[in-house]
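Structural characterization, general
Here's the letter readout for the chains.
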Amino acid sequence: MSKAVGYVIQNEKLLVFTHDDVPITVTGVQVPAGTIEQTESPEDAVVREVFEETGVAVRIVTPLGIALYDVWPSKPEIHERHFFHLEPLQKIDAESWSAGELDPSDGGSSQRWTCHWMPIAQAHVLCAGFGAKLGEVELN
């Protein structure tokens, strides 16, 4: 299964989110990511996913490569993840905001989460291999 993962960076801070209704011990700290649909490129998917999950319109700064991630034991799947360094099209002044998916494409129940800007130096807390390519990001 192919996924697109977005590292949205502004002022050397990474856009992350935590779920509101699920303990952090279950979902961890995440970055925007999602399935690449059959009709789209990884580039189109990452831009779409970031906007759907956070409300932030972005542009791609650079692709960062691909990494495989074994999702076991939560699912018997191996994800091929396409990572991208992104930046917002407009400056985001809020330090945190509410977002979510009221009608998830996988047919699941609605989900709410809180988006935050996290200093890059603290991004070691990202869950489930989402930090795999963070070291490839070149900061100004």
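Analysis parameters
- Residues numbered from 1 in each chain as written.
- Predicted model: local features only at pLDDT ≥ 70, side-chain atom pairs only at ≥ 80, totals over all residues.
- Heavy atoms only, no water.
- Helix = DSSP H or I, 4+ residues; strand = E, 2+ residues; numbered from the N terminus.
- Buried < 20%, exposed > 50% of the residue type's maximum accessible area, 1.4 Å probe, protein only.
- Lys, Arg positive; Asp, Glu negative; His and termini not counted.
- Charge placed at Lys NZ, Arg CZ, Asp CG, Glu CD.
- Salt bridge = Lys/Arg side-chain N within 4 Å of Asp/Glu carboxyl O.
- Phe/Tyr/Trp six-rings, centres within 6.5 Å; stacked < 30°, edge-to-face > 60°.
- Lys NZ or Arg CZ within 6 Å of the ring centre and 35° of its normal.

Concerning the overall build of the chain
Counting secondary structure elements, the chain contains two helices and seven strands. N-terminal to C-terminal, the α/β element order of the chain is β-β-α-β-α-β-β-β-β. Taken along the three principal axes of its C-alpha coordinates, the chain extends 40 × 30 × 30 Å. Taken over 140 residues, the chain has a buried fraction of 42%. Of the side-chain charges in the chain, 9 are positive and 21 negative, and the distance between the mean point of each set is 3 Å.

Brief notes about the pattern of salt bridges
Going through the model one piece at a time under the given rule, you end up with six salt bridges. For R48, the salt bridge identified is with E40, shortest N-O distance 2.5 Å. By relative accessible area, which is 22% here, R48 ends up partly exposed. Overall, E40 belongs to the buried group, its relative accessible area being 17%. In the salt-bridge network here, residues are joined through shared partners; they are E40, R48, E49 and E52.

Description of the packing of aromatic side chains
Considering all chains together, one arrives at three aromatic pairs under this definition. The interplanar angle of 40° and the centroid separation of 5.7 Å between the aromatic rings of Y7 and F83 together place this pair among those described as tilted. Of this pair, Y7 sits in strand β1 (residues 2-10) while F83 sits in strand β5 (residues 78-88), and the two are 76 residues apart along the sequence. Cation over ring: R81 sits above F130, and NZ or CZ is 4.4 Å from the ring centre.

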